Amino acid sequence: MHGRIKLKSTAQQEEEKRNEREKKLKIYVAARDAIFTKRMEGMFDDEALQLTQQLLSSNPDFATLWNYRREILLHLETVREEDNVQKMYEAELLFLESCLKVNPKSYGSWHHRGWVSARLPRPDWARELGLCDRCLSLDDRNFHCWDYRRMVVKMSGVPVDQELQFTDRLIGSNFSNYSSWHYRSTLLPLLHPESPEPPSPCRQPPHSSPPPSPQTHSHRVCEEQLLKEYELVQNAFFTDPNDQSAWFYYRWLLGRAEREEMISCVFVSREEERVAVAFSRPVNASSSGLMLVLDGQPQRVEWRSVHPHFRHSPVWICELPPGTISDIINEHNLTVHWTEKHTHRDCALYTGRSESWCRDSATDQELFRSELSVEKTSVLQSELQSCNQLLELEPQNKWCLLTIILLMRALDPLGYERETLSHFQTLKEVDSMRSAYYGDLCSKFMIENTILKMEYAEVRVFSLSDKNLTTLCHLDQLLLVTHINLSCNQLLRLPPQFAMLQCLEVLEADDNAIANLDGLYHLPKLQEVSLKNNQISKLSDLQLLTSCPKLTCLDLRGNPVTQIANIQSELAELLPSVTDLLI
């Protein structure tokens, strides 16, 4: 191997090697047993320390021995003076360096080094940073060393700008240093945080302010710094278009800001005397202080998620006592308080109205767009042009194709829809092993576009037929939809999240491969369901439809379940409310 001629071993040589291995194994086992005996007897002395050192020197991944060694050191710490404790732990650090030479990625060695450094009376953090630099110079992707370095940085209070310069140095020497790119993404939000005010140029922190720590809570990066990062990462992927490190970082730069935690929608139905509340993220309403006030009076209601599978859900429901809001001549004012986040949302149910809602639209929130402000879109347009130039040179480069799609999403998701679909098709061809991932991502973007179109048209009909959908997402944004068409796609199931469509009256999902209907659970307004030419094979698959009280029309033609004997009578017994059954 590696240019060396392999010499055949004689039987005698093999026997000698086997005997040598057995001899070493006996010594190892004897030492191990002696150590276990001493630990069982509660002996924490220098001899035990020496025995564990002998074994760990050859096998530094013996976790039990590291645990015993810590017990010994803790005991010796109580019977020695501080200077001696300092010397003891310094010797331990030297021993650990020899272990890391045996295995630079030893979990046990790095964990034990972190423990020893934290116990040192007078730690030398500069020395530890130097050790990390040496290890990373040998293997810049040693994530054990990176983890230890972050601990050292936290304990020693290294300024964030100094750490950012450290990533500059590593990236400058090797664009493929994924760990450095990742570390940079954790540092930038601390050094250049997004201002809570409207976007403005980055402000330098006052000199009197203490330096932030890389371990504190992170936020998004201010725009000016983001734009500078584009130039750095562009140099990287033009140098090596097939290296994924810079592309992943670029994708992080294009990422969206986290949505503000808020109540995004309140819906009230007079007929069902029901209130549905949608949040900007999944919550546990039973523990996050959700309170309903009706006409100035707090109501004692029980909140439940839309599906029993969810303890945390973006949509929660409660039923009001009978007769509370059913009289159509009365007007009511509701307020939902989210006490945990000190926020609330009002909703008025006017006279003569059977339902009402108050919500933030996806278009108003620019929910599916980049976080960059409008005046910076020219920069993104320039980035898109650069990536298109690279694509001309590297037409089969999957990273470039995917980044172009993300840039188009950031600039104008609807305007670039056709080009986006074309690029997804190319991606599936050049990277066929990940075609399912690209299919799901394309489905996600198509759903986002359709939500935007629906809101621009101010309708409650959601149509995505014949779009090659492989998955469903953003269903919390469809709380108010009354009619949905998902026919002629590649869906395998209606997931539990589908139960968020609390206003749904008509479902069309023909010509898919649906075999699971978990999401058709307690949809109070659902009247018509068309599931022609799917894969529903058992009567039990339809059991959840019994929870939809208004269901009257069901089309199951072309499903295996229709071949069951006496299926007509079985369905009539299971779903007595269905008067229009097509099988």
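For the structure itself, consult the block above.
Here the structure is a predicted model, which means the values were calculated and not measured.

### Quick look at the pattern of salt bridges
With the rule as written, the count across this model stands at 39 salt bridges. For Asp 33, the salt bridge is made with Arg 32, and the minimal N-O distance between the two is 3.0 Å. Given the relative accessible area of 27%, Arg 32 is considered partly exposed. One salt bridge in this structure joins Arg 80 and Asp 46, with 3.0 Å as the shortest N-O distance. With Arg 80 in the loop between helix H3 (63-79) and helix H4 (82-102) and Asp 46 in helix H2 (residues 46-58), this pair connects stretches of sequence that are 34 residues apart. A single salt-bridge network, built from bridges that share partners, covers Glu 271, Glu 272, Glu 355, Arg 460, Lys 525 and Lys 550.

### Notes on the pairing of strand E7 (residues 332-338)
The buried fraction of E7 amounts to five of the seven residues, a majority that puts the element mostly inside the structure. Bridging between strand E3 (residues 290-294) and E7 involves five bridges; their strand directions are antiparallel. Paired with Met 291 across the two strands is His 337, which belongs to E7. For E7 and strand E8 (residues 343-349), the ladder comprises seven bridges, and the chain directions are antiparallel. The residue bridging Leu 334 from the neighbouring strand is Cys 347, located in E8. If you look at the hairpin formed by E7 and E8, you'll find four residues sitting between the two strands, and His 342 has a positive phi there, around 55 degrees.

### Some thoughts on the environment of Val 152
Along the chain, the position of Val 152 falls in helix H7 (residues 143-156). In this structure, the C-alpha to C-alpha distance between Val 152 and Ser 117, residues 35 residues apart in sequence, is 8.5 Å. Setting aside anything within four residues of it in sequence, one finds Val 152 in contact with Trp 125, Glu 128 and Leu 129.

### Describing unusual backbone geometry
Here the phi dihedral of Asp 295 falls at roughly 50 degrees; this positive angle occurs in a residue that is not glycine. Look at Asp 295 and you get partly exposed, because its relative accessible area is 38%. The phi dihedral of Asn 468 is positive, around 60 degrees, even though this residue is not glycine. Relative to the elements of secondary structure, Asn 468 occurs in the loop between strand E10 (461-463) and strand E11 (483-485).

### A short note on H4
Look at H4: 31 Å from first C-alpha to last across 21 residues, which is about the 30 Å you get at 1.5 Å a residue. Inspection of H4 places Val 85, Gln 86, Met 88, Tyr 89, Glu 92, Leu 93, Phe 95, Leu 96, Glu 97, Cys 99 and Leu 100 among the buried residues, and these make up the whole buried set. Residues of H4 that are buried in the fold lie against H2, H3, helix H5 (107-119) and helix H6 (125-138).

### Description of empty space enclosed by the protein
Scanning the model with the defined rule gives three cavities of 30 Å³ or more in all. By volume, the second largest cavity amounts to about 50 Å³. Every residue along the wall of the second largest cavity is listed here: Trp 247, Phe 248, Arg 251, Trp 399, Leu 402, Thr 403 and Leu 406. Where the lining of the second largest cavity is concerned, the elements lending two or more residues are helix H11 (244-253) and helix H14 (398-411). Looking at the lining of the second largest cavity element by element, the count peaks at four residues for H14.

### Concerning H2
The first and last C-alpha atoms of H2 sit 19 Å apart over 13 residues, in line with the 18 Å expected at 1.5 Å per residue. When we look at burial in H2, the residues that qualify are Ala 48, Leu 49, Leu 51, Thr 52, Leu 55 and Leu 56. Looking straight down H2, one finds that the buried residues subtend no more than 165 degrees of arc, so they occupy a single side. Structurally, H2 contributes buried residues whose contacts are with helix H1 (11-40), H3 and H4.

### Notes on the packing of H6 against H7
Two numbers describe how H6 lies on H7: the axes approach to 10 Å, and their chain directions differ by 155 degrees. With respect to H7, the axis of H6 lies roughly antiparallel. As for the relative orientation of H6 and H7, their crossing is left-handed in sense. Along its contact with H6, which presents Trp 125, Glu 128, Leu 129, Cys 132, Asp 133, Cys 135 and Leu 136, the element H7 presents Cys 145, Trp 146, Tyr 148, Arg 149, Val 152, Val 153, Met 155 and Ser 156. Per-class residue counts for the contact of H6 with H7 are eleven nonpolar, one polar and three charged.

### Things to note about the sheet that holds strand E9 (residues 355-359)
In any sheet, the strands associate via hydrogen bonds between backbone groups, in a parallel or an antiparallel arrangement. Pairing within the open sheet is antiparallel, and its five strands lie in the order E5-E6-E2-E1-E9. The open sheet has two edge strands with one neighbour each: strand E5 (304-305) and E9.

### A short note on the environment of Asp 580
Of note, Asp 580 is situated in strand E15 (residues 580-582). Owing to a relative accessible area of 36%, Asp 580 belongs among the partly exposed residues under this scheme. For Asp 580 and Thr 552, which are 28 residues apart along the polypeptide, the C-alpha to C-alpha distance reads 6.1 Å. Residues contacting Asp 580, with those up to four places away along its chain left out, are Thr 552, Cys 553 and Leu 554.

### Remarks on the nonpolar core
One broad rule of soluble globular proteins: the nonpolar side chains tend to lie buried together. If you look at the biggest cluster of nonpolar residues, it comprises 116 residues, and the most contacted ones within it are Tyr 250, Ile 484, Phe 498 and Leu 507. A total of eleven residues in this core trace back to one element, the largest contributor, which is H14. Those residues within four positions of Tyr 250 in sequence are excluded, and the remaining contacts are Tyr 230, Val 233, Phe 237, Glu 383, Cys 387, Thr 403 and Leu 407. The next biggest cluster of nonpolar side chains, apart from the first, holds 24 residues, and it includes Ala 31, Leu 65, Tyr 89 and Leu 93.

Definitions and cut-offs
- Residues numbered from 1 in each chain as written.
- Predicted model: local features only at pLDDT ≥ 70, side-chain atom pairs only at ≥ 80, totals over all residues.
- Heavy atoms only, no water.
- Salt bridge = Lys/Arg side-chain N within 4 Å of Asp/Glu carboxyl O.
- Buried < 20%, exposed > 50% of the residue type's maximum accessible area, 1.4 Å probe, protein only.
- Helix = DSSP H or I, 4+ residues; strand = E, 2+ residues; numbered from the N terminus.
- Pairing = 2+ DSSP bridges.
- Contact = heavy atoms within 4.5 Å.
- Expected span 1.5 Å × (residues − 1).
- 1 Å grid on protein atoms, 1.4 Å probe; cavity = no way out; pocket = protein on both sides within 12 Å on 5 of 7 lines; lining within 4 Å.
- Points joined across faces, edges and corners; volume = space filled by probe spheres on them.
- Arc of directions from axis to C-beta.
- Axes fitted to C-alpha atoms, helices over the stretch in contact; angles between N-to-C directions.
- Parallel < 35°, antiparallel > 145°, perpendicular 65-115°, else oblique.
- Left-handed = near helix turned anticlockwise from the far one by under 90°.
- Nonpolar A, V, L, I, M, F, W, Y, C, P; charged D, E, K, R; others polar.
- Core = buried A, V, L, I, M, F, W, Y, C linked by side-chain atoms within 4.5 Å.

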